[in-house]
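Coordinate analysis (summary)
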Amino acid sequence: MKASVIATFFGVLLTCTYAAKEATKKTKKAELYIPQIDCDVKAGKIINPEFIAKCPPGCQDVKYRVYGTDIYASFSSACSAAIHSGAIDNTGGKILVQKVAGHAGYRGSFSNGVRSLSLPRWRESFPVSEGKPRKGVTYPSTLEFASSKSTAVKPEPKKPEQDLKVTKSAATSDTSGKAWEQGDTVRKVYQTSPVPMPTTQMAATTPTPTTTTTDPFSTTPKPTTTPATTRTTTDSAAAKPRPGLQRVRDTGSSSVHPAYSSVAAAASRQVQASQGRGLNKAFRGTSTSASNRNILRPNAGIQRQEPVATVRRPAGSPAHLAIETDLWKPGPSFFDTGFASKEELNLKPLEATSQGNPSCKVDLPFLMDGSWSIGKRRFQLQKQFLINVAHALGINNAGPLMGIVQYGDDPSTEFNLKTYASPKELRNAIEKIPQKGGLSNVGKALSFVNKNFFSDANGNRGGAPNVVVVMVDGWPTDRVEEASRLARESGINIFFVTIEAAAQNEKQNVIEPNFVDKAVCRTNGFYSITVPSWFSLHKVVQPLVKRVCDIDRLVCSKTCLNSADIGFVIDGSSSVGTSNFRTVLQFVANISKEFEISDTDTRIGAIQYTYEQRLEFSFDKYSTKQDVLSAIKRINYWSGGTSTGAAISYASEQLFTKSKPNKRKIMILITDGRSYDDVRMPALTAHQNGVIAYSIGVAWAAQDELEAIATDPDKEHSFFVDEFDNLYQFVNPLIQNICTEFNSQPRN
């Protein structure tokens, strides 16, 4: 009995062990058949409603675009979406994809090293998670992909009126109870009367291929249905199919970027689905209820009217499908971003507000964002924005001139200031600009413009302010502070137009916090514009044009060398002597010739003093550098005592009270001895009136008086040399100090 029990026990044990091993083998065998997909495969390209797939490593790439957050448009790369969601990392792994209905308002965000984009609407969606099978669900070991081939059909020749009437009658009687299939899911839209359809028509005469209709919430395919062949024309001669289209035309390019191959496939399926499948079928996953037509796009801050996602025809029109003409015509395809609202498609150029207006004479290059993160559709919106700006400015040789530098990984000039001199020429040139791709290296682009763009060879006009407008999607991928500082020091007014800036939870990913304030000419808000959405970019055309044409506020056109009124106060006392006085005048001339002198740039004035004071020439006396240098050379040595305090008061009254409000008031005093009068109170009064004072002492000059005359910090504004012949040593240090102080002033 005991032996029998033991035998039974071991038998059961062996049976269980064998069953467990077999189950393990089956599991391992099943794992061997998990299909692998590439990084660029869009979820919408895979027909299966629910599947597990294995992603390769290296899918964390900007060209594998993702649209949405948590719920993704099927236009997204499945593997890149999985990384964005955290289901896998960049080393790859298994993912579970479940198809669901399309959504409105896909919100873009930055997560796990992947930047997802926003999207107004798409016809199919999917959540993605770690590749663990759900209980009771059988997953395919081979994925079924949608065909990328298409058959285009020529539009039917114009029908006689009698034939058209027959067509109208047949089409009208066939409007209720039919659905127009999109992808794999069929939704029926019941109608009781004919509805409008675009005027451009295409015959659909090809028999409908056998299709498998699936439910996005189910994992089991529904029975296969084979509809009868359908014709939408009464013409006895059927239109012959044309050869399949080999390339999709994209604006500005004759071929499709690899990252957009799935768009071509989806478009091809759209053409195929339209042929012989009836006339009243709706786009998949899109509701036709009125409540779903008002879409509030996240981060846009505006309410939009989204069109109903059905294709309709007007009563009395031939029942041909307007697919091929609309789909392949040049310009942004609606497959780039889903369905666009009327506002989004408002791409008509604005009327010019000025035609070569001399009061808006600026040299204006735009830094155009060509990075992959922007996407094709938004790149088209950016180009249209630039066209609108060109029209609003009224580009002309007598007024503003415009150039474009596109940046990605590296910047390159699309055209310079003198290439085109009319809005029409600019429009044609901008429309032909292809997208560079790459990152958003704004700092590198600013450095490029500063070093290479504003030259005579590129059309720089010298007297016109230099203005740069930077367009950036989100945030730069490099640092901008140093490049911007050097550009400002060169007299470049930097504006920033930031579109879809980082959200609060994305700011930790920005390389350089507050990059706009570190880059623009001033931080008072005048030089920066933030746009919540690319689709509302057209709203800032006029505000931007108004700002770049407000020349009086383009303060960064002013540099340390062209924005000062400089008054020289020269000691002409007996101790100086004639020979040394000529050396002092040469020193004054050497400093003056380093500045840009004109009636609108730096102006020079001079006073000579002994016991008394004499105005040699005022700020408004000479307006050219040569005239100023000649006037300095003609100053005659006076000789006498040394009343430096009285000379400072005289300079304040006779020179600096006549200084322009937007000029820096700089006094440079040269003396060789101690003053007979007090210098402290006159110097303090000058400082309080905004005069920046530099004191230069020679030989017997008193150090304490030099420091009292000089602006604080006095060590940086006072100099001493033991001999007149060594004055030349202070030319460069003095100018460097003036420029350093100018560039370090607050930018607000």
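Conventions adopted
- Residues numbered from 1 in each chain as written.
- Predicted model: local features only at pLDDT ≥ 70, side-chain atom pairs only at ≥ 80, totals over all residues.
- Heavy atoms only, no water.
- Helix = DSSP H or I, 4+ residues; strand = E, 2+ residues; numbered from the N terminus.
- Expected span 1.5 Å × (residues − 1).
- Buried < 20%, exposed > 50% of the residue type's maximum accessible area, 1.4 Å probe, protein only.
- Contact = heavy atoms within 4.5 Å.
- Pairing = 2+ DSSP bridges.
- Axes fitted to C-alpha atoms, helices over the stretch in contact; angles between N-to-C directions.
- Core = buried A, V, L, I, M, F, W, Y, C linked by side-chain atoms within 4.5 Å.
- Parallel < 35°, antiparallel > 145°, perpendicular 65-115°, else oblique.
- Left-handed = near helix turned anticlockwise from the far one by under 90°.
- Nonpolar A, V, L, I, M, F, W, Y, C, P; charged D, E, K, R; others polar.
- Salt bridge = Lys/Arg side-chain N within 4 Å of Asp/Glu carboxyl O.
- Arc of directions from axis to C-beta.
- Polar contact = N/O pair within 3.5 Å; in protein donor to acceptor, adjacent residues only side chain to side chain.
- Phe/Tyr/Trp six-rings, centres within 6.5 Å; stacked < 30°, edge-to-face > 60°.

It is worth spelling out helix 18 (residues 731-743) at this point. For helix 18, which comprises 13 residues, the first-to-last C-alpha distance of 19 Å matches the rise-based estimate of 18 Å (1.5 Å per residue) to within 8%. Every buried residue of helix 18 is accounted for by V731, L734, I735, N737, I738, C739 and F742. On its buried face, helix 18 is in contact with helix 12 (578-592), strand 23 (664-671), strand 24 (691-698), helix 17 (714-717) and strand 25 (718-721).

What follows deals with the sheet that holds strand 5 (residues 100-101). Taking strand neighbours across the sheet as the criterion, the 4 strands line up as 2-3-10-5 in an open arrangement whose pairing is antiparallel. The open sheet terminates on both sides in strands that have one partner only, identified here as strand 2 (68-69) and strand 5. Here strand 5 pairs with strand 10 (residues 124-126) via 2 bridges, running antiparallel. Looking at the pairing, A101 lines up with E124 of strand 10. On top of the sheet, helix 2 (residues 78-85) reaches strand 2, strand 3 (71-73) and strand 10; it is set at about 155° to strand 3, its chief contact.

Turning our eyes to something else, we now look at the nonpolar core. Judged by nonpolar contacts, the single largest core of 71 residues is most densely connected at F366, F385 and F496. Top element by residues in this core is helix 6 (residues 375-393). It accounts for 9 residues. In contact with F385, not counting residues within four places along its chain, are F366, M471, L537, V540, V541 and L544. Judged by nonpolar contacts, the second largest core, of 41 residues, contains A589, I604, I692 and F742.

Here we come to the sheet that holds strand 17 (residues 466-473). Remark on secondary structure: sheet strands pair via backbone hydrogen bonds, oriented parallel or antiparallel. Spatial strand order, 16-15-14-17-18-19: 6 strands in an open sheet with mixed pairing. Each end of this open sheet is capped by a strand with a single partner; those strands are strand 16 (411-415) and strand 19 (528-531). Sheet twist, expressed as the mean angle between neighbouring strand axes with direction ignored, is 20°. Inspection of the sheet shows strand 14 (residues 363-369) paired to strand 15 (residues 401-407) by 7 bridges, in the parallel sense.

This paragraph deals with the packing of helix 8 (residues 442-453) against helix 9 (residues 481-489). For the pair helix 8 and helix 9, the least separation of the axes is 8 Å and the interaxial angle reads 25°. On the basis of their axis angle, the class for helix 8 and helix 9 is roughly parallel. For the pair helix 8 and helix 9, the crossing hand works out as left-handed. Counting all contacts with helix 8, which are made through G443, L446, S447 and N450, the residues of helix 9 involved are A483, S484, L486 and A487. For the contact of helix 8 with helix 9, the residue count by class is 4 nonpolar, 4 polar and no charged.

Right, let's get into the pattern of salt bridges. One pass over the structure, following the stated rule, counts 15 salt bridges. Between R115 and E506 there is a salt bridge whose closest N-O contact spans 2.7 Å. Within this pair, whereas R115 is found in strand 8 (residues 114-115), its partner E506 is found in the loop between strand 18 (492-499) and helix 10 (515-519), the two being separated by 391 residues in sequence. When its relative accessible area of 23% is taken as the criterion, R115 is described as partly exposed. The exposure class assigned to E506 is buried, which follows from its relative accessible area of 3%. Between E431 and R427 there is a salt bridge, and its shortest N-O distance comes to 3.3 Å. Taken together, the positions of E431 and R427, both in helix 7 (residues 423-431) and 4 residues apart, correspond to about one turn of that helix. Here R427 falls in the partly exposed class, since its relative accessible area comes to 23%. One continuous salt-bridge network, built from bridges that share partners, spans R674, R680, D704 and E705.

On to the side chain of S484, then. Along the polypeptide, S484 turns up in helix 9. Under the relative-accessibility criterion, S484 is labelled buried at 0%. Not counting residues within four places of it along the chain, the set of residues in contact with S484 comprises L446, I494, K518 and A519.

So, on to helix 11 (residues 541-548). Those residues of helix 11 that sit buried are V541, L544, V545 and V548. What you see down the axis of helix 11 is that its buried residues fit within an arc of 100°, all on one side. Packed against the buried residues of helix 11 are strand 14, helix 6, strand 17, strand 18 and strand 19.

Positionally, P120 belongs in strand 9 (residues 119-121). Judged by relative accessible area, which is 1%, P120 ranks as buried. Remark: the alpha-carbon pair of P120 and R107, spanning 13 residues in sequence, is separated by 8.7 Å.

Summarising the sheet, strand 1 (residues 50-55) and strand 4 (residues 93-98) pair through 6 bridges and their orientation is antiparallel. Residue F51 lies in a different strand from strand 4, and its bridge partner there is V97. By the bridge criterion, 3 bridges tie strand 4 to strand 11 (residues 128-130) in an arrangement that is antiparallel. Each residue of the ladder has a partner; that of L96, found in strand 11, is S129.

Quick look at the side chain of T711 now. Within the element layout of this structure, T711 appears in the loop between helix 16 (703-709) and helix 17. Within polar-contact distance, the side chain of T711 engages the backbone nitrogen of A693 at 2.8 Å.

Moving on, we come to the packing of aromatic side chains. Counted according to the given criterion, the structure contains 15 aromatic pairs. Relative to F126, the ring of Y72 has its centre 5.8 Å away and its plane inclined at 35°; by these criteria the two rings are tilted. With Y72 in strand 3 and F126 in strand 10, this residue pair connects regions lying 54 residues apart in the sequence. Judged by relative accessible area, F126 falls into the buried class, the value being 0%.

What follows deals with the environment of Y106. Its place among the elements puts Y106 in strand 6 (residues 104-106). Through-space distance from the C-alpha of Y106 to that of S125 is 9.7 Å; in sequence the pair is 19 residues apart. The residues contacting Y106, other than those within four sequence positions of it, are Y67, G68, I71, Y72, A73, L117, S118, L119, R121, W122, E124 and S125. Of note is the side chain of Y106, whose polar atom sits 2.9 Å from the backbone nitrogen of H103. Reaching out from Y106, the side chain makes a polar contact with the side chain of S125 at a distance of 2.5 Å.

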